[in-house]
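# Coordinates in review
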Amino acid sequence: MLKEEWLHLLGERPLILALANPEPEIMPEIVQRVRPDAIMATGRSDFPNQVNNVICFPFIFRGALDVRATAITEGMKLAAVRAIAELTHVEASDVVAAAYGGKAPVFGPDYIIPKPFDPRLILHVAPAVAQAAMDEGVARKPIEDFEAYMHELERFVFRSGQLLRPVIEVARKAKPRIVYAEGEDERTLRAVQSVVDDGLAKPILIGKTEAVIARIQSLGLRLRPGQDVQIVDLEQDTALFEQLLAAYSKRVGRRGTPPDAAARHVRKRPTVTAAMLLEQGAADAAICGGTGDWWRQFQYALPIVPRSTGSGRVFALTALILQAGPLFFCDTHVNVDPSAEEVAEMTLMAAETVRHFGLPPKVALLSHSNFGASNSPSAKKMRKALGLIRARDPELEVDGEMHADAALAEQIRHQALPDSTLTGTANLLIFPNIDAANIAYNLVKATGEAVTVGPMLLGLEKPLHIAVPSTTARGITNLSAVAAMQAALAAK
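The text that follows walks through the structure, step by step, so that each part is easy to find. (Residues numbered from 1 in each chain as written. Predicted model: local features only at pLDDT ≥ 70, side-chain atom pairs only at ≥ 80, totals over all residues. Heavy atoms only, no water.)

### Here we look at the overall build of the chain
Looking only at helices and strands, the chain features 19 helices and 13 strands. In terms of overall dimensions, the chain has C-alpha extents of about 85 × 65 × 40 Å along its principal axes. Counting the 492 residues in the chain, one finds 52% classified as buried. Intrachain contacts of the chain at a sequence separation of at least 6 include 70% that bridge at least 24 residues. Of the roughly 22,600 Å² of accessible surface on the chain, a fraction of 54% belongs to carbon and sulfur atoms. Averaging the positions of the 52 positive and the 56 negative side-chain charges in the chain gives two centres separated by 4 Å. (Helix = DSSP H or I, 4+ residues; strand = E, 2+ residues; numbered from the N terminus. Buried < 20%, exposed > 50% of the residue type's maximum accessible area, 1.4 Å probe, protein only. Contact = heavy atoms within 4.5 Å. Areas by Shrake-Rupley, 256 points an atom, 1.4 Å probe, with all protein chains shown as cover. Lys, Arg positive; Asp, Glu negative; His and termini not counted. Charge placed at Lys NZ, Arg CZ, Asp CG, Glu CD.)

Shown next as structure tokens:
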């Protein structure tokens, strides 16, 4: 219907909506060849800018139903259109990138309309429609708290949203400085954009200034170096380098690290740089890792950031958010075979962290033994740990040693021990060794139904966390919220 020879008759940067299916009125490759300045949309999913009613209809009805609207007005439809248009100007997270085949879209001629399966549509369109219904007087049940409404919608996109809500609220009030070791990494930069947008912290990025700025621009992010984020480039800031090197040398000089090696560590190992900025008071928390071996990154940081007062060891707590609710696993990454005293210490630290998430901790000490069924060394260790925990925190809801299914199913637990002091479903699982903890955590994570928060390091004087290589941008944002909360609590 639209002939190739007509294209030159159109004005500059024409908009062509060729919506016939399955064969558009003119094919995009013809338009691109003859009029490369054109902006084109079709009805097909295999071309850019698919016009599809599924982009708006589910979310128009979501907003309308949530306020019990008596009609779908023109104003509500216009609100949906404007929200869809505005969404294309918002940079994409890794979750969104997955909906676009792994490549995050950037606003331009090939991206003026979101894809139908963009997970952010519900967060943008439904609230706009609900507000329009209220403005036009057709809402029978107006939304009183839009922030709470947005949080409720978030669970459809990020299941970690509800669990982290109390953490985020604490972080926002303090807004501490968080240094990111991998400042040039795409996941880190996308996470930092979310951190800035949510007002969680003041980010500090470690990396080469030119490389960081170029990456921000290529990703289409809105981060403004010098305003939204600070960049630490030790190649350019020699004074800071000398300061960090002097302090680092004092810490490791008697641990077999000569001056030349110390200089290389500070300059070439961003985890060392981040930990030193934290130790020197130039940052309030640090997020490291995400690339390379987790244990090596941990060893880089451990000599720099001291343990908290009264803490004998450092432990790793990891949360998995499942459809049935959150599960915390301890210790998933650090201690190979903790003693009974260390099991008790990690349990109390982990329980306190669970409380900061707004949850009452329900603790199960896990074992192959079920309430005294075995006298193996590991079973005895967990039984001894239970006594130590109860002596130190009599109010904590904890029991063990028990099987994992008994921890999660009250009926199974009561069959084994009717008078168990643990009620309902445990949300904090304490394992006898790192093998059991890490295997259980990875098995559950591999089901594909869990969102990860962590690993969170417990027992350090200042908040420092090391991301595993599989951590997504959203995972780094989650760790940032936890680190910001810990920094805020430490400052009290």
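Once you've had a look at it, read on.
### What about empty space enclosed by the protein?
Throughout the structure, instances matching the rule amount to two cavities of 30 Å³ or more. As for the largest cavity, its lining consists of Tyr180, Ala181, Glu182, Asp185, Arg187, Thr188, Ile287, Cys288, Gly289, Gly290, Ala467 and Ile476. Those elements that place two or more of their residues in the lining of the largest cavity are helix H8 (186-198) and strand E6 (285-289). In terms of residue count, the dominant contributor to the lining of the largest cavity is E6 (three residues). Of the residues that constitute the lining of the largest cavity, the class distribution is six nonpolar, three polar and three charged. (1 Å grid on protein atoms, 1.4 Å probe; cavity = no way out; pocket = protein on both sides within 12 Å on 5 of 7 lines; lining within 4 Å. Points joined across faces, edges and corners; volume = space filled by probe spheres on them. Nonpolar A, V, L, I, M, F, W, Y, C, P; charged D, E, K, R; others polar.)

### Quick word on the sheet that holds strand E5 (residues 230-232)
Spatially, the five strands line up as an open sheet ordered E5-E4-E3-E6-E13, and their pairing is parallel. Across the chains shown, the open sheet's two edge strands, defined by having one partner strand only, are E5 and strand E13 (464-467). Neighbour-to-neighbour, the strand axes of the sheet open up by a mean angle of 20°, direction not taken into account. Sheet topology note: the strand E4 (residues 202-206)/E5 ladder contains three bridges and is parallel. Looking across to E5, one finds that isoleucine 206 is bridged to valine 232. On top of the sheet, helix H13 (residues 294-301) reaches E6 and E13; it is set at about 160° to E13, its chief contact. (Pairing = 2+ DSSP bridges. Axes fitted to C-alpha atoms, helices over the stretch in contact; angles between N-to-C directions.)

### Here's the deal with the packing of helix H10 (residues 238-252) against helix H11 (residues 259-268)
Between H10 and H11, whose axes approach to 9 Å, the crossing angle comes to 125°. Viewed along their axes, H10 and H11 adopt a mutual orientation that is oblique. Regarding H10 and H11, the two cross each other, and that crossing is right-handed. For the pair H10 and H11, the contacting residues are Phe241, Leu244, Leu245, Tyr248 and Ser249 in the first and Ala262, Ala263, His265, Val266 and Arg267 in the second. Of the residues in the contact of H10 with H11, the class split is seven nonpolar, two polar and one charged. (Parallel < 35°, antiparallel > 145°, perpendicular 65-115°, else oblique. Left-handed = near helix turned anticlockwise from the far one by under 90°.)

### Thoughts on the packing of helix H14 (residues 340-356) against helix H15 (residues 377-392)
Their axes nearest at 8 Å, the elements H14 and H15 cross at an angle of 50°. With respect to H15, the element H14 is oriented oblique. In terms of crossing hand, the pair formed by H14 and H15 is right-handed. Touching Ala340, Glu341, Val343, Ala344, Glu345, Thr347 and Leu348 of H14 are Lys381, Met382, Lys384, Ala385, Leu388, Ile389 and Arg392, all from H15. Counted by class, the contact of H14 with H15 contains eight nonpolar, one polar and five charged residues.

### Quick word on the environment of arginine 222
In this fold, arginine 222 is placed in the loop between helix H9 (209-218) and E5. With a relative accessible area of 40%, arginine 222 lands in the partly exposed category. Along the sequence, arginine 222 and glutamate 91 sit 131 residues apart, while their C-alpha atoms lie 7.8 Å from each other. With near-sequence residues (within four places) excluded, arginine 222 lies in contact with Glu91, Gln193, Asp197 and Asp228. At 2.7 Å, the side chain of arginine 222 and the side chain of aspartate 197 are in polar contact. (Polar contact = N/O pair within 3.5 Å; in protein donor to acceptor, adjacent residues only side chain to side chain.)

### Regarding the pairing of strand E10 (residues 397-402)
Two faces make up the sheet, and in a regular strand the side chains alternate between them. Most of E10 sits out of view: five of its six residues are buried. Pairing of strand E9 (residues 362-366) with E10 involves five bridges; the strand directions are parallel. Across the sheet, valine 363 pairs through a bridge with valine 398, a residue of E10.

### Considering helix H6 (residues 146-154)
What H6 keeps buried is the set Tyr149, His151, Leu153 and Glu154. The residue sitting at the N-terminus of H6 and contributing the capping side-chain oxygen is aspartate 145; that oxygen lies 3.1 Å from the backbone nitrogen of glutamate 147.

### A short note on unusual backbone geometry
When glycine is set aside, most residues are seen to have a negative phi, and most peptide bonds are trans. Going from cysteine 330 to aspartate 331, the amide bond is cis rather than trans, its omega being 0°. By secondary structure assignment, the location of aspartate 331 is in the loop between strand E8 (325-330) and H14. Cis geometry is found at the peptide bond from glycine 454 to proline 455, where omega equals 5°. Along the chain, proline 455 falls in strand E12 (residues 451-458). Phi at arginine 68 takes a positive value of approximately 55°, unusual for a residue other than glycine. Tracing the chain through its elements places arginine 68 in the loop between helix H2 (57-66) and helix H3 (74-87).

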